[in-house]
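Residues per chain are reported as follows:
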Amino acid sequence: MKTFEVQFRYRDRSEATVESKVNADASSLPGAVAKATREFVKSLDRKQRFDMNKNGLEITARSLGVA
């Protein structure tokens, strides 16, 4: 298993940029992005989710190494 750091960024309704980082363990980069995205979206409320869908979600991922 590898550890990946996945960073999320979107604009909310007050035009502020909201950022969040999630570490995910997975065997591949797409798997880590999927796991981290599910975890991130679950943490948002209804209005935040709407803002994310309306303004787009920017995802940046990088490998931290092998666990």
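Here the structure is a predicted model, which is why all the values come from computation and not from measurement.

*Asks:* Hey, could you go over the nonpolar core for me, with residue numbers and the actual values?
*Replies:* If you look at the biggest cluster of nonpolar residues, it comprises 12 residues: Phe 4, Val 6, Phe 8, Tyr 10, Val 22, Ala 24, Ala 26, Ala 32, Ala 36, Phe 40, Leu 44 and Met 52. Listing elements by their share of this core, those giving two or more residues are strand S1 (2–11), strand S2 (17–26) and helix H1 (29–42). Tallying contributions element by element places S1 first for this core, with four residues. Contacts of Met 52, omitting those with residues within four sequence positions, involve Tyr 10, Phe 40, Val 41, Leu 44 and Leu 57.

*Asks:* Explain the pattern of salt bridges residue by residue, including any values.
*Replies:* Where charged atoms from two side chains of opposite charge approach closely, those side chains can pair. Applying the stated rule across the entire model yields four salt bridges. Residue Asp 51 is joined to Arg 13 by a salt bridge in which the shortest nitrogen-to-oxygen separation is 3.2 Å. Taken as a pair, Asp 51 in helix H2 (residues 46–55) and Arg 13 in the loop between S1 and S2 lie far apart in primary sequence, 38 residues in all. Residue classification places Asp 51 among the buried positions, given a relative accessible area of 6%. Note on Arg 13: relative accessible area 51%, which makes it exposed. One network of salt bridges, in which partners are shared, links Arg 9, Glu 19 and Glu 58.

*Asks:* Which residues make up the environment of Arg 13, and what are the values?
*Replies:* Taking the C-alpha atoms as reference, Arg 13 lies 16 Å from Glu 58; in sequence the two are 45 residues apart. Excluding its chain neighbours within four sequence positions, the residues that come into contact with Arg 13 are Lys 47, Phe 50 and Asp 51. Within polar-contact distance, the side chain of Arg 13 engages the side chain of Asp 51 at 3.2 Å.

*Asks:* Account for the packing of aromatic side chains, naming residues and giving values.
*Replies:* The final tally for this structure, using the stated rule, is two aromatic pairs. Measuring from ring centre to ring centre gives 4.5 Å for Phe 8 and Phe 40, while their planes differ by 5°; the resulting arrangement is stacked. Of this pair, Phe 8 sits in strand S1 while Phe 40 sits in helix H1; the two residues are 32 residues apart in sequence, bridging distant segments of the chain. Grouping residues by exposure puts Phe 8 and Phe 40 together as buried. Relative to Phe 40, the ring of Tyr 10 lies with its centre 6.3 Å away and its plane at 65°, an arrangement referred to as edge-to-face. Here Phe 40 lies in helix H1 and Tyr 10 lies in strand S1, a separation of 30 residues in the sequence. The class of Tyr 10 is buried, set by a relative accessible area of 4%. For Phe 40, a relative accessible area of 6% translates into the label buried. Feature note: the residues Phe 8, Tyr 10 and Phe 40 constitute an aromatic cluster, connected by ring pairs.

The rules behind these values
Residues numbered from 1 in each chain as written. Predicted model: local features only at pLDDT ≥ 70, side-chain atom pairs only at ≥ 80, totals over all residues. Heavy atoms only, no water. Core = buried A, V, L, I, M, F, W, Y, C linked by side-chain atoms within 4.5 Å. Buried < 20%, exposed > 50% of the residue type's maximum accessible area, 1.4 Å probe, protein only. Helix = DSSP H or I, 4+ residues; strand = E, 2+ residues; numbered from the N terminus. Contact = heavy atoms within 4.5 Å. Salt bridge = Lys/Arg side-chain N within 4 Å of Asp/Glu carboxyl O. Polar contact = N/O pair within 3.5 Å; in protein donor to acceptor, adjacent residues only side chain to side chain. Phe/Tyr/Trp six-rings, centres within 6.5 Å; stacked < 30°, edge-to-face > 60°.

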